[in-house]
Amino acid sequence: MSADTPATRSQFTDRRLRFRAWRGSRPFWAGLFILLGGIPIMYFPYANLQIGHLTLAMATTAGAGSLIIGVLLIVLGISLWFQKHVRVFAGVAAILLALVSIPVSNLGGFLIGFLLALFGGAMAVSWAPGEEPTAEPAKTDRTDEGGAPEAMAAGGASEPNDLSGTSPSNGANGRHSA
């Protein structure tokens, strides 16, 4: 490879940069936390814990309710990724579902799912889309774009308020004087 040959980006680097740009334009982390919060809320009421030959069932009477809460949280998390304009609704709904999961689903998935969904919902509500950078024209150091302020004379006529003697009215603008 010579010094004249430009280095091409690999396909992995290109996809990583595109994913990074996609992730930055939406509440990605809020959706991920909400999605991860739905998994323990949905899983623990149906899990069986094996302690030697003893099977401990953690099933609750509201197993269907915790399944619905978990699935809704997962759907809200995914919808934040692909429908960023529903961020406030999804965030508030995730917070309410996390609060409902405390009595319904083993303390909200043993507080793991509750805290993840609560934190993700708060992140979704507080996320705001960034502004696209706009190209502004470069500012130049020009004195003919609005010079010195002028004072109003007693008669209503305006006279320059420049005491240096370099006003455009007398032909000297101060650029060429030493």
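I will try to describe carefully the structure that is included in this document. Not measured: the values here are computed from a predicted model. (Residues numbered from 1 in each chain as written. Predicted model: local features only at pLDDT ≥ 70, side-chain atom pairs only at ≥ 80, totals over all residues. Heavy atoms only, no water.)

**Here we look at the pairing of strand β1 (residues 48–51)**
Threshold: At least two DSSP bridges between two strands are needed for those strands to be called paired. Secondary structure elements follow DSSP: runs of H or I no shorter than four residues count as helices, runs of E no shorter than two count as strands, and numbering proceeds from the N terminus.
Examined bridge by bridge, β1 and strand β2 (residues 54–57) share four bridges and lie antiparallel to one another. Its bridge partner lying in β2, Ile51 is registered against Leu54. Where β1 folds back onto β2 in an antiparallel hairpin, the turn is made up of two residues, including Gly52, whose phi is positive at roughly 65 degrees.

**Here's the deal with unusual backbone geometry**
Phi at Phe110 takes a positive value of approximately 55 degrees, unusual for a residue other than glycine. The phi angle at Leu111 is positive, at roughly 65 degrees, despite the residue not being glycine. Tracing the backbone shows Leu111 in the loop between α5 (106–110) and α6 (112–126).

**Some remarks on helix α2 (residues 28–43)**
Since the α-helix turns once every 3.6 residues, residues separated by three or four places project in the same direction. Selection criterion: A helix is expected to reach a length of 1.5 Å times the quantity of its residues less one. Note on classification: 1.4 Å probe, protein chains only; a residue is buried when its accessible area is under 20% of the maximum for its type, exposed when over 50%, partly exposed between these limits. Contacts are assigned to residue pairs that have any heavy atoms within 4.5 Å of one another.
Taking 1.5 Å of rise per residue, the 16 residues of α2 would be expected to cover 22 Å, and the 23 Å separating its terminal C-alpha atoms lies within 8% of that figure. Within α2, the full set of buried residues consists of Phe28, Ala30, Gly31, Ile34, Leu35, Gly37, Gly38, Pro40 and Ile41. On its buried side, α2 packs onto α1 (11–24), α3 (63–82), α4 (87–104), α5 and α6.

**Quick look at the pattern of salt bridges**
In plain terms, the rule: For this document, the term salt bridge refers to a Lys or Arg side-chain nitrogen within 4 Å of an Asp or Glu carboxyl oxygen.
Considering all chains together, one arrives at one salt bridge under this definition. Put simply, Asp14 and Arg18 hold a salt bridge, and the shortest N to O gap is 3.7 Å. One end of the pair, Asp14, and the other, Arg18, are both in helix α1, four residues apart, so they sit about a helical turn from each other.

**Considerations on the side chain of Arg26**
Applicable threshold: Under this definition, polar contacts are N or O atom pairs within 3.5 Å; protein pairs additionally need one hydrogen-donor-capable and one acceptor-capable atom, and for neighbouring residues in sequence, both atoms have to be side-chain atoms.
The topology assignment puts Arg26 in the loop between α1 and α2. For Arg26, a relative accessible area of 13% corresponds to the buried category. There is a polar contact of 3.0 Å between the side chain of Arg26 and the backbone oxygen of Trp22. At 3.4 Å, the side chain of Arg26 forms a polar contact with the side chain of Ser25. Setting aside anything within four residues of it in sequence, one finds Arg26 in contact with Leu80, Trp81, Phe82, Lys84 and Trp127.

**Here we look at the packing of aromatic side chains**
Rule in force here: Stacked, edge-to-face and tilted labels apply to pairs of Phe, Tyr and Trp rings (six-membered ring for Trp) whose centres lie within 6.5 Å, assigned for plane angles under 30 degrees, over 60, and everything in between, in that order.
Going through the model one piece at a time under the given rule, you end up with nine aromatic pairs. Between the aromatic rings of Phe33 and Phe119, the centroid separation amounts to 5.4 Å while the plane-to-plane angle is 70 degrees, which identifies the pairing as edge-to-face. Of this pair, Phe33 sits in helix α2 while Phe119 sits in helix α6; the two residues are 86 residues apart in sequence, bridging distant segments of the chain. Taking relative accessible area as the criterion, Phe33 reaches 24% and is therefore assigned partly exposed. Aromatic ring contacts, followed pair by pair, group Phe19, Trp22, Phe28, Trp29, Trp81 and Phe82 into a single cluster.

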